[in-house]
Amino acid sequence: MPGAPLLQPVETAFGQSHADRLLISASRAATLKLANQRDAAIPGQPVLLRGAERFGVAHALGVADPALDLANPMKGPFAALECDWAEQAAAALELARLAGILPAFLVDPDGAGEPVEVLPADLAAFRDPARLAIASRAKLPVAAAQDARIVAFRSPNDTREHVALIIGEQRSDRPPLVRLHSECLTGDILGSLKCDCGPQLNAALAAMAEEAKGGGWGVLLYMRQEGRGIGLINKLRAYRLQDQGFDTVDANTRLGLPDEARDFPTAARMLDLLGVRSIRLLTNNPAKVAALEAAGVAVAERVPHALPDNPHNAHYLATKRDRAGHLLD
């Protein structure tokens, strides 16, 4: 990054690396009560810290990892510093999110090795949905629909491989019933009761199968964006914070990560590659409708997709309703 120092992710800083400064996200800085400092008061801008002592790995992890907040509430005092490479800093934090690691970096640490130049333009190119292409197609009989077909998508520089499951005969005169579903290992595979992802996935497939029986069709977009785009490990960190009493929105904020980081332009690109021009979207979230429309998808109808809660996810669903605007009643 021209003009920027060498950055090393705190989470990957093994050994005895030390640094005088630490880069964190704006929301993490707010959690650490730094928003009243001039250089930490710009909304959404990464914050550069100088601590009361040199940032060793253990100390930096204590500052960056919110799971330690309640046990060690006082980690400062910290001084926010002017950051004259804010654009590069923001790109670094976005790379951390994409990598699924904590958004915190040691700045110019001892023994970190040779720097690798990364430009904000490189990040934009990496996320460019136009680079996504169909990689393969096949028949895939599933329990809900034995005549289903699967289409896999891949981008040249991205290891995440998204898929679409098509149920029923594709037709141009009838918008398909579409579900945009983000990967959830704990819910989809392990049957977690903390969320509603597994039941939503199964109910969506069943609804598409019913649609096909009536002459319609459906498309499930299964997106490799665990935890709404923050990654599996960070999602589990958020779960740990929920165990301490924080809701899902506040848990992400304390992590320094966004509550919503899903890649809607990539979903729009998948539909475009499938030749889908208009959809009936299976969702309880009006913001998802707006995000897809902003990405160029014509949403002809929002189809409700509410399911019963259970004692383990009732608070999670209430948070989605009360803080994220989901229509669950």
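Just so it is clear, the model here is predicted, and its values are computed rather than measured. In every chain, residue numbers begin from 1 and rise along the written sequence. Where totals are concerned, whole chains, interfaces and linings use all residues; where local detail is concerned, this predicted model gives features only for residues with pLDDT of at least 70, and gives and counts side-chain atom pairs only at 80 or more. With hydrogens and water set aside, each side-chain value is computed from the structure's full complement of heavy atoms.

**Student:** I would appreciate a short explanation of the confidence of the model for the protein in the present structure.
**Tutor:** Do not read the fine detail of predicted coordinates wherever pLDDT is low. Looking at the protein as a whole, the pLDDT averages 88, with 95% of positions reaching at least 70. A residue's pLDDT is the confidence the predictor assigns to it, expressed on a 0 to 100 scale. Secondary structure elements follow DSSP: runs of H or I of four or more residues count as helices, runs of E of two or more count as strands, with numbering from the N terminus. For the protein, helix α12 (residues 314-324) is the element with the lowest average pLDDT, namely 76, and strand β10 (residues 218-223) is the one with the highest, namely 98.

**Student:** Would you mind showing me how to read the side chain of histidine 305 here?
**Tutor:** The topology assignment puts histidine 305 in the loop between β12 (298-303) and α12. A simple rule labels every residue: compare its accessible area, found with a 1.4 Å probe on the protein chains alone, to the largest value its type can have, and call it buried under 20%, exposed over 50%, or partly exposed in between. On the basis of relative accessibility, which here comes to 5%, the residue histidine 305 falls in the buried class. For the purposes of these results, a polar contact is taken to be a pair of N or O atoms within 3.5 Å, where, inside protein, one atom must be able to donate a hydrogen and its partner to accept one; residues adjacent in sequence count only when each atom of the pair is a side-chain atom. In this structure the side chain of histidine 305 is engaged in a polar contact, spanning 2.9 Å, whose partner is the backbone oxygen of glutamine 200. Whether two residues touch is decided by their heavy atoms; if any such pair falls within 4.5 Å, the residues are in contact. Leaving out residues up to four positions away in the same chain, histidine 305 has contacts with Arg179, Gln200, Ala203, Ala204, Leu282, Thr283 and Asn284.

**Student:** Please explain the sheet that holds strand β9 (residues 177-182) as it appears in this structure.
**Tutor:** Where strands meet in a sheet, backbone hydrogen bonds hold them as pairs that are either parallel or antiparallel. Should DSSP find at least two bridges between two strands, the strands are regarded as paired. The sheet built from 7 strands is open, its strands ordered β6-β7-β8-β10-β9-β11-β12 with mixed pairing. The two strands at the open ends of the sheet, each matched to only one other strand, are β6 (133-139) and β12. Mean inter-strand twist for the sheet, computed between neighbouring axes without regard to direction, equals 25 degrees. The pairing of strand β11 (residues 278-282) with β12 spans 5 bridges and is classified as parallel. Paired with arginine 280 across the bridge in β12 is glutamate 301. Sheet contacts for helix α10 (residues 264-273): β6, β7 (149-155), β8 (158-167), β9, β10 and β11; angle to β10, the most-contacted strand, approximately 140 degrees. With axes taken as lines fitted to C-alpha atoms, and helix axes fitted only over the stretch in contact, angles between N-to-C directions fall between 0 and 180 degrees.

**Student:** It is not clear to me how the environment of leucine 273 should be interpreted in this structure. Could you clarify?
**Tutor:** Within the secondary structure layout, leucine 273 lies in helix α10. Owing to a relative accessible area of 25%, leucine 273 belongs among the partly exposed residues under this scheme. Between the C-alpha atoms of leucine 273 and alanine 209, which are 64 residues apart in sequence, the distance is 22 Å. Those residues in contact with leucine 273 that lie beyond four places of it in its chain are Leu132, Ala133, Ile134 and Phe153.

**Student:** Mind showing me how you'd approach empty space enclosed by the protein here?
**Tutor:** Remark: the empty space left among the atoms is shown by a probe the size of a water molecule rolled over them. Here a cavity denotes grid points, spaced 1 Å and computed from the protein atoms alone, that fit a 1.4 Å probe unable to get out, and a pocket denotes an open set having protein on both sides within 12 Å along at least 5 of 7 lines; residues with an atom within 4 Å of a point are the lining. Grid points are joined across faces, edges and corners, and a volume is the space filled by probe spheres set on the points. Counted according to the given criterion, the structure contains 2 cavities of 30 Å³ or more. Its volume calculated, the largest cavity comes out at about 530 Å³. Around the largest cavity sit 35 residues that line it, and Cys197, Gly227, Arg228, Tyr316 and Lys320 are the ones nearest its centre. Contributions of two or more residues to the lining of the largest cavity are made by β9, α6 (197-213), α7 (226-229), α8 (232-243), α9 (248-255) and α12. Ten residue types, Ala, Val, Leu, Ile, Met, Phe, Trp, Tyr, Cys and Pro, are classed as nonpolar, four, Asp, Glu, Lys and Arg, as charged, and the remainder, Gly among them, as polar. Of the residues in the lining of the largest cavity, the class split is 11 nonpolar, 13 polar and 11 charged. Taken together, Phe126, Arg127, Asp128, Pro129, Leu132, Ser155, Asp158, Arg160, His162, Asp263 and Thr266 make up the lining of the second largest cavity. At 3 residues, β8 tops the list of elements feeding residues into the lining of the second largest cavity. Classifying every residue of the lining of the second largest cavity gives 3 nonpolar, 3 polar and 5 charged.

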